[in-house]
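# Examining the three-dimensional arrangement
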Amino acid sequence: WYRTIIGAEEEEEKYGFHVPFEVKQMEGKGRGIFATSDIDEGMLIWNAVNRLDFYDGTDYKKFLFGLDRGFACDVLIWAYVHYFDGELIISVDMDAGSFCNDGGWDANMGCYIRFAQDVEGGCRDNFFALEDVKAGDEILCDYESFAHKGGWDEFDEFY
């Protein structure tokens, strides 16, 4: 349904991914994103074309209440809080990017400043291969690199 809302036309714009991938269910971990071909270090993997941003908790709650219950539960899990231009916002990636598991220091996708400076949106809107990724490898993010820990507590109107 998000494709209807977003209205993107090209395949990579619909899904945000610029590399071949698949989503797999992993026992004890949930869903994860896996490369289906080799990805060279520095390649653009994903962009935030399907990210929804909410600048106050009230708008986010209205959005959630408009969803089917099961899907709303998923969105609650996928959403994160971060700073943008000094303002705290709630964001949710309405594509397979939401299935990126936390790799911490072992993340292989994230901000690669050297390449991001040449791409519209820079590191805010784009994640790159931080190292070579082989076909079959799980693509991992570092949640702390984009999500503000404890940010939900700062959205007073959300509660």
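In case you missed it, the structure is sitting above this.
A short tour of the structure in this document, coming up. None of the values given here were measured: they were computed from a predicted structure.

### What about the state of the cysteines?
A full pass over the atoms with the stated rule returns two disulfides. Linked covalently through their sulfurs, Cys 100 and Cys 141 form a disulfide whose S-S length is 2.1 Å. Judged by the sign of its S-S torsion, about 120°, the cystine formed by Cys 100 and Cys 141 is right-handed. Within this pair, whereas Cys 100 is found in the loop between β6 (87–93) and β7 (101–102), its partner Cys 141 is found in strand β10 (residues 138–141), the two being separated by 41 residues in sequence. For Cys 100, a relative accessible area of 3% gives the class buried. The residue that forms a disulfide with Cys 111 is Cys 123, at a sulfur-sulfur distance of 1.8 Å. With the S-S dihedral at roughly 65°, the linkage between Cys 111 and Cys 123 falls on the right-handed side. In this pair, Cys 111 sits in the loop between β8 (109–110) and α5 (113–116) while Cys 123 sits in helix α6 (residues 122–125), placing the two residues twelve residues apart along the sequence.

### Observations regarding the pattern of salt bridges
A full pass over the atoms with the stated rule returns seven salt bridges. Here Lys 24 and Glu 22 are joined by a salt bridge, their closest N and O atoms 3.7 Å apart. Since its relative accessible area comes to 36%, Glu 22 is described here as partly exposed. Between Arg 124 and Asp 53 there is a salt bridge; the shortest N-O distance is 3.2 Å. Linking Arg 124 in helix α6 with Asp 53 in strand β4 (residues 51–54), this pair joins segments that are 71 residues apart in sequence. Classification of Arg 124 as partly exposed rests on a relative accessible area of 26%. According to the relative accessible area criterion, Asp 53 is partly exposed, its value standing at 26%. Taken together, the salt bridges that share partners define one network made up of Arg 51, Asp 53, Arg 124 and Asp 125.

Thresholds applied
Residues numbered from 1 in each chain as written. Predicted model: local features only at pLDDT ≥ 70, side-chain atom pairs only at ≥ 80, totals over all residues. Heavy atoms only, no water. Disulfide = S-S within 2.5 Å. Helix = DSSP H or I, 4+ residues; strand = E, 2+ residues; numbered from the N terminus. Buried < 20%, exposed > 50% of the residue type's maximum accessible area, 1.4 Å probe, protein only. Salt bridge = Lys/Arg side-chain N within 4 Å of Asp/Glu carboxyl O.

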